Amino acid sequence: MSSNIIHSLTTNVPGLDLLMGGGLPEFSFNIIAGTPGSGKTTLAHQIMFSLAKPEYQALFFTVLGEPPLKMFRYQQQFSFFDVDKIGRSIHFVNLADDLLKGDYDSVMARITQEMQDHAPRLVFVDSFRSIVQAGREQSGTDFQLFVQRLAQQMTSWQATTFLIGEHSFPEAQANPIFTVADGILWMSQNVHRNSMVRKIQVAKMRGQAPTPGLHTFRIDAEGVTIFPRAVLPPDTTVQTANNSFPEIERLSMGVPALDDMLGGGLPSGYSLLLVGPSGSGKTVLATEFLAEGVRRGESGVIAAFEKSPRQMLSRKLHALIKGGQVGLIDTHALDLSIDEALHVLTALIEKMKAKRVVIDSLSGFELALAPEFREDFRESLYRMISVLTKLGVTIVMTAELEDRYTDLRFSSYGTAFLADAIVLQRYTEIGGQINRVISVVKVRGSAHSRDIRSFDIADEGIKIGPRVQYEGVLSGRPISSVFLDRSAPENP
Amino acid sequence: MSTSNIRRQQLIKTAMMKGEGEVADVALRLWQPLTAHLISIIGSGGFDALYARSFYLTHAVYPWMAPNNASHSPNSPLMDLQNSLERQNADEAHKASFMLFLTFTDTLASLIGEPLTTSILTSAWSDNVPERDIPIKEFPHE
């Protein structure tokens with residue numbers, strides 16, 4: 001969409017360029033607006049410190065509002081803040097005294113003077129709201145004229161400009177600066193129950209096609225990191241000439257008997273939901289899946305949302321992670337967004353060139369998400385699985401489900417339909433003992449075993465036994481098939 | 001205040017030493033560009049608050065340094081300083097002037113950090129202290 005005339009600048013703010021539709025259009029007149037504490041000044045500084053060079057000067061006007069001393073104090077905490085650039089590539093100018101004189105002409109005269117002195121290519125005004133408020137006593141026409149003149153001035157000086165202000169959406173609609181602006185970035189921090197989630201929206205970016213909607217972002221020691229909402233890439237699957245499906249490669253689960261039950265292993269690129277009650281061996285089975293990959297030279301990634309690594313790591317898994325063949329995502333950060341989780345996962349998958357991914361567990365993942373995202377968990381999970389499988393990885397997800405003997409369920413989220421394959425683990429009482437059973441419920445597009453088989457976890461690994469000779473295992477009232485055969489009434 | 005950075009101390013000493021004339025004149029010639037430079041960055045409100053605090057702390061050690069409340073011109077704080085210094089002998093005035101610079105920059109450094117404070121000083125005094133006399137090397141224990 002962008003023409004040759006518009007040169008886009010790379011801001012180096014993770015995720016921002018993608019959000020704006022391919023970078024920051026040079027000489028554009030932009031607004032960063034949002035609620036107090038939403039990260040406007042941090043984003044502005046991050047863009048400025050990234051782009052400013054001796055041959056690409058930046059001018060940062062501070063007005064009333066946050067005292068500059070405090071701004072310097074807090075912004076220096078971020079890794080992007082480079083003291084050496086100040087005075088050489090970046091110049092801070094305080095306009096408070098000019099503004100207190102009370103007319104826009106003196107503010108404009110000062111801005112013009114500084115523009116002439118420094119010939120900046122980047123200009124920031126923080127906060128622009130102060131200028132609006134200071135001019136309240138003047139007529140609206142004066143302010144509109146001032147904004148028009150400022151925008152013209154900046155463009156003719158070939159400067160890319162950012163006005164930073166605390167504005168809320170309703171008041172913004174009536175504000176002339178939002179009409180004049182080429183680009184508008186909205187930043188907010190939304191509180192839902194006890195959690196806080198930061199969001200950003202590119203409401204407008206002339207000449208470019210920004211990614212629509214709200215996107216989550218985080219502020220840490222590195223500054224702002226945006227997690228653009230994952231959008232599914234177009235399906236590029238090419239059907240064969242005779243419309244037949246190509247033969248799909250199968251991956252071994254690391255347990256030969258289970259591979260047999262799945263019809264020859266788990267088809268590559270599938271997502272498998274491993275459902276069972278607490279302690280039924282889901283993580284052990286998922287570890288076997290990863291270990292088998294490593295044996296075959298395929299690296300893997302495990303996202304541990306539930307337990308701390310020390311709790312979770314079996315000796316086997318610990319060795320795989322320590323050996324560098326399996327990457328661990330230990331996400332105990334709260335208030336995650338699905339896109340942040342996906343961002344971390346895809347980055348590690350790409351770094352490790354992983355083929356196998358384990359998400360352990362969906363219950364833990366749901367808890368790690370900020371409450372507002374839990375309401376859309378099914379939709380979030382759908383997007384996550386779709387994006388991951390498009391990367392070509394095969395996924396095993398564990399889900400804890402209490403044994404219920406009055407109904408047959410495969411997940412507590414109604415998400416079973418999202419999985420291409422489902423393996424069910426259960427406890428059952430047989431002969432005065434708690435026994436584990438396993439069965440394959442579904443493998444999309446493939447024949448599979450329908451047996452309910454006993455299984456156990458021994459020192460040497462998972463042992464899958466023969467088909468249980470009982471009926472009613474899933475109802476919690478198993479009766480020996482032998483007994484049933486004997487008690488069956490004989491045909492007359 | 002014990003946060004003084006040795007490099008900054010050296011810079012202040014060099015600037016005061018390089019200045020020609022009476023202690024009061026030297027102080028004024030150093031305060032004027034520093035004031036202009038800082039007001040441009042942090043505004044007159046920010047500068048006035050910092051200067052008033054530093055003056056108060058220095059006044060506790062050198063009680064003869066007192067603002068003349070009668071004057072209200074924009075340059076009055078610096079004029080008051082000049083008047084106070086002129087009334088003392090050179091040695092005493094030098095010590096007090098040095099302490100005021102040090103206290104002021106200590107306060108600034110405690111808020112915005114040592115590197116940025118030193119950078120502002122260097123920039124403001126670029127005409128007063130030749131580049132070759134600006135201590136460049138950071139001390140290992142800084």
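Source: prediction; values computed, not measured.

Looking at the interface of chain B and chain A
Reports often express the size of an interface as the amount of accessible area lost when the parts come together.
Part 1: Across the boundary between the two partners, chain B contributes 14 residues, which contact 14 residues of chain A.
Part 2: Of all the secondary structure elements, the ones that give two or more residues to the side of chain B that touches chain A are α2 (23–61), α4 (90–112) and α5 (114–124) of chain B.
Part 3: Here the side of chain B that touches chain A takes seven residues from α2 of chain B, the largest share from any one element.
Part 4: Per-class residue counts for the side of chain B that touches chain A are six nonpolar, eight polar and no charged.

Let's talk about helix α3 (residues 76–86) of chain B
All names here are of chain B.
Part 1: Taken as a whole, α3 has its buried residues at Leu81, Ser84 and Leu85. In an axial view of α3, the angular spread of the buried residues amounts to 95 degrees, which keeps them on one side of the axis.
Part 2: Those residues of α3 that are buried lie in contact with α2 and α4.

With respect to the environment of Asn30 of chain A
Residues and elements named next belong to chain A.
Part 1: Among the structural elements, Asn30 can be located in strand β3 (residues 29–34).
Part 2: Considered as a pair, Asn30 and Lys316 are 286 residues apart in the sequence and their alpha carbons are 54 Å apart.
Part 3: The contact partners of Asn30, leaving out residues within four places of it in the chain, are Thr161, Phe162, Ala181, Asp182, Gly183 and Leu185.

Some remarks on the sheet that holds strand β11 (residues 223–227) of chain A
Strand-to-strand pairing in sheets goes through backbone hydrogen bonds, with the strands running parallel or antiparallel.
All names here are of chain A.
Part 1: A sheet is described by the order of its strands in space; here nine strands give the open sequence β5-β4-β6-β7-β3-β8-β9-β10-β11, paired in mixed fashion. With one partner strand each, in any of the chains shown, β5 (90–94) and β11 form the two edges of the open sheet. Between one strand axis and the next, the sheet turns through 20 degrees on average, direction left out of account.
Part 2: Pairing of strand β4 (residues 58–62) with β5, which is carried by five bridges, proceeds in the parallel orientation. Pairing of Leu59 across the sheet is with His91, part of β5.
Part 3: This element, helix α2 (residues 40–51), spans β3, β4, β5, β6 (122–126), β7 (160–165), β8 (183–192), β10 (215–220) and β11 of the sheet and lies at about 160 degrees to β6.

Some details on the environment of Leu272 of chain A
Residue and element names in this part refer to chain A.
Part 1: With respect to the helices, strands and loops of the structure, Leu272 is situated in strand β14 (residues 271–276).
Part 2: With 26 C-beta atoms counted inside 10 Å, the residue Leu272 sits in the buried group.
Part 3: Counting along the chain gives 12 residues from Leu272 to Asp260, while the straight-line C-alpha distance between them is 15 Å.

Here we look at the pairing of β8 of chain A
All names here are of chain A.
Part 1: Pairing between β3 and β8: five bridges, direction parallel. Bridging across to β8, Ile32 finds its partner in Leu185.
Part 2: Sheet analysis places β8 next to strand β9 (residues 195–205), joined by 10 bridges and oriented antiparallel. Following the sheet pairing, His192 is matched in β9 by Ser195.
Part 3: If you look at the hairpin formed by β8 and β9, you'll find two residues sitting between the two strands, and Arg193 has a positive phi there, around 55 degrees.

Structural notes on the confidence of the model for chain B
Residue and element names in this part refer to chain B.
Part 1: Across chain B, pLDDT averages 85, with 84% of residues at or above 70.
Part 2: Taken element by element, chain B is modelled with least confidence in α3, mean pLDDT 88, and with most confidence in α4, mean pLDDT 95.
Part 3: Confidence metrics for the complex model read pTM 0.77 and ipTM 0.80.

The rules we used
Position numbers for residues start from 1 in each chain and track the written sequence from start to end. Here the convention is simple: chains get letters from A, ligands get numbers from 1, in the order in which they are written. The predicted origin of the model limits local features to residues at a pLDDT of at least 70 and limits the giving and counting of side-chain atom pairs to 80 or more, whereas totals for whole chains, interfaces and linings rest on all residues. Any residue pair is listed as a contact if its two C-beta atoms, each placed from the backbone, are within 7 Å. Elements are defined by DSSP. Helices are runs of H or I of four residues or more, strands are runs of E of two residues or more, and each kind is numbered from the N terminus. Side-chain classes are defined by residue name, with Ala, Val, Leu, Ile, Met, Phe, Trp, Tyr, Cys and Pro counting as nonpolar, Asp, Glu, Lys and Arg as charged, and the others, Gly among them, as polar. Three classes are used. A residue is buried when 20 or more other C-beta atoms lie within 10 Å of its own, exposed when 12 or fewer do, and partly exposed in between, with C-beta atoms placed from the backbone. Here the arc refers to the set of directions running from the helix axis out to each C-beta atom. At least two DSSP bridges between two strands are needed for those strands to be called paired. Axis definition: a line fitted to C-alpha atoms, over the contacting stretch in the case of helices. Angles run 0 to 180 degrees between N-to-C directions. Per-residue confidence from the predictor is given as pLDDT, running between 0 and 100.

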